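Each chain, written out:
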Amino acid sequence: QSVAKPAMKVLVTGASGYIGGSVASALLGAGHRVLGLVRSDERAAEVQGRGIEPLIGTLDDAGLLAEAARDADAVINAANAEHRGAVEAILPALAGSDKPFVQTSGSSIVADFAAGEPTDRVYDEDTPVHPLPGRSERVALNHTVLAAAQEGVRAVVICPSLIYGAGRGVSASSIQVPWLIALARKHGVPRHVGRGENLWSNVHVDDLVDLYLLALEKAPAGAFYYVENGENSMREACQAIGRMLGLGERTEPMTLAEAAAEWGEGAANYTMGSNSRVRAVRARRELGWAPHRPSLLEDIEHGSYKEAS
């Protein structure tokens, strides 16, 4: 897939993380310079070893972020989907420049309290979103970002579904699948919330990275993109984990309280027990995004997770 030309200096927050690190790696591979926000000297050394210029600070360092944004040709915020301070520091620094600002959101904005039961509800970019209280801040921040399109910022929101696969940066692991694998090892059987029939759209991290580069190159100001290439129930994911670990097909239900004890209440409700069914209609149509990496179940059973085990 093509990338933005000529070479740019891109500020990436979360440069040592799973998404940010993978995006930064692809940007470097495409000939761009990457300035990566990291929180410690240790992380700075790690990203520097991968060719990223470290910027030591946090999302609360408004002046640092604004200065770095003004000095960059583009900004990708991959650190925190709900940190308003960082967004409000960066956007005014980009006003009137027509520079790209890409905000990373997440499809738990359409999550429900399903406790492992399925839903028929599917969202594309034109479907109104009425988030649960725990995701209202994230949706409000998405709106703030998209409104910056009226202020001369090429503001874009990318909203990934469940991400899987080996990351290309310092942090190679996603969240949900490793959690499920660790729990299966701990109990000797894969476990899911309730019946595990709740459905999550999903996307391979390398396909997601392709979309970031396409968005940087040619997404119009004010664009919002869901990111997915298929969907599976949590039970299907658990069954694939069981096969990968040699535990067979059997899975076990657990209560939301048990899931909250393992992963925290927010993760149990908004991620592991909920539905999040989205369709990446706009990215395919508008940017020519063409995901082609292995499916979630393939990657668990025969790909990066199998190799890591």
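Residues numbered from 1 in each chain as written. Predicted model: local features only at pLDDT ≥ 70, side-chain atom pairs only at ≥ 80, totals over all residues. Heavy atoms only, no water.

Draft legend 1. Just the sheet that holds strand E5 (residues 100-104), in detail. The sheet built from seven strands is open, its strands ordered E3-E2-E1-E4-E5-E6-E10 with parallel pairing. The sheet is open, and its two borders are formed by strand E3 (53-56) and strand E10 (223-227), each paired with just one other strand. The mean angle between the axes of side-by-side strands here comes to 20°, regardless of whether they run parallel or antiparallel. Note that strand E6 (residues 154-160) and E10 share five bridges and pair parallel. Note that in E10 the partner of Val156 across the bridge is Ala223. (Pairing = 2+ DSSP bridges. Helix = DSSP H or I, 4+ residues; strand = E, 2+ residues; numbered from the N terminus. Axes fitted to C-alpha atoms, helices over the stretch in contact; angles between N-to-C directions.)

Draft legend 2. Here's a closer look at the packing of helix H1 (residues 18-29) against helix H7 (residues 205-218). At a minimum axis distance of 9 Å, the contact between H1 and H7 shows a crossing angle of 60°. The angle between H1 and H7 falls in the class oblique. Here H1 and H7 pass one another in a crossing that is right-handed. Contacts from Tyr18, Ile19, Ser22, Val23, Ala26 and Leu27 in H1 reach Val205, Leu208, Val209, Tyr212, Leu213 and Leu216 in H7. (Parallel < 35°, antiparallel > 145°, perpendicular 65-115°, else oblique. Left-handed = near helix turned anticlockwise from the far one by under 90°. Contact = heavy atoms within 4.5 Å.)

Draft legend 3. View of the sheet that holds strand E7 (residues 162-164). A sheet is described by the order of its strands in space; here three strands give the open sequence E7-E9-E11, paired in mixed fashion. Where the open sheet ends on each side, the last strands, each with one partner, are E7 and strand E11 (231-233). When the angles between neighbouring strand axes are averaged without regard to direction, this sheet yields 45°. In terms of strand pairing, E7 meets strand E9 (residues 199-204) through three bridges, oriented parallel.

Draft legend 4. Quick look at the packing of aromatic side chains. Enumeration over the complete set of coordinates arrives at three aromatic pairs. Relative to Tyr226, the ring of Phe224 lies with its centre 5.0 Å away and its plane at 85°, an arrangement referred to as edge-to-face. The same class applies to Phe224 and to Tyr226, which are both buried. The side chain of Arg135 reaches across the aromatic face of Tyr270, ending 4.5 Å from its centre. A cation sits over an aromatic face here: Arg282 above Tyr225, 5.5 Å from the ring centre. (Phe/Tyr/Trp six-rings, centres within 6.5 Å; stacked < 30°, edge-to-face > 60°. Buried < 20%, exposed > 50% of the residue type's maximum accessible area, 1.4 Å probe, protein only. Lys NZ or Arg CZ within 6 Å of the ring centre and 35° of its normal.)

Draft legend 5. Summary view of the packing of helix H3 (residues 62-71) against helix H4 (residues 84-94). One can describe the packing of H3 onto H4 by two numbers: an axis separation of 8 Å at closest approach and a directional angle of 35°. In this structure, H3 meets H4 at a crossing whose hand is right-handed. Where H3 approaches H4, its residues Ala62, Leu65, Ala66, Ala69 and Arg70 are matched on the opposing element by Ala86, Ala89, Ile90, Ala93 and Leu94. Class assignment of the residues belonging to the contact of H3 with H4 gives a composition of nine nonpolar, no polar and one charged. (Nonpolar A, V, L, I, M, F, W, Y, C, P; charged D, E, K, R; others polar.)

Draft legend 6. A look at the nonpolar core. Leu27, Ile76, Ile158, Tyr212 and Tyr225 are the most contacted members of the largest nonpolar core, which has 39 residues in total. Broken down by element, the residue count for this core peaks at nine residues, all from H7. Not counting chain neighbours up to four residues away, the residues in contact with Tyr225 comprise Glu125, Val156, Val157, Ile158, Cys159, Leu211, Ala219, Pro220, Arg282, Ala283, Glu286 and Leu287. Counting residues in each nonpolar core, the second largest holds 34 residues, with Ala66, Ile90, Ala93 and Tyr226 among its members. (Core = buried A, V, L, I, M, F, W, Y, C linked by side-chain atoms within 4.5 Å.)

Draft legend 7. Representation of the pattern of salt bridges within the structure. Inspection of the entire model under this criterion finds 21 salt bridges. Note that Arg168 is salt-bridged to Asp206, the shortest N-O span being 2.5 Å. Taken together, the residues Arg168 in the loop between E7 and helix H6 (176-187) and Asp206 in helix H7 connect sequence positions 38 residues apart. For Arg168, a relative accessible area of 41% corresponds to the partly exposed category. Here Asp210 ties to Arg293 by a salt bridge, and the two come within 2.6 Å at their closest N and O atoms. Here Arg293 lies in the loop between helix H11 (281-287) and helix H12 (296-302) and Asp210 lies in helix H7, a separation of 83 residues in the sequence. (Salt bridge = Lys/Arg side-chain N within 4 Å of Asp/Glu carboxyl O.)

Draft legend 8. Representation of empty space enclosed by the protein in the model. Considering all chains together, one arrives at one cavity of 30 Å³ or more under this definition. Of the voids in this model, the largest cavity is the one considered here, and its volume is about 30 Å³. Here the residues of the lining of the largest cavity sort into five nonpolar, three polar and no charged. (1 Å grid on protein atoms, 1.4 Å probe; cavity = no way out; pocket = protein on both sides within 12 Å on 5 of 7 lines; lining within 4 Å. Points joined across faces, edges and corners; volume = space filled by probe spheres on them.)

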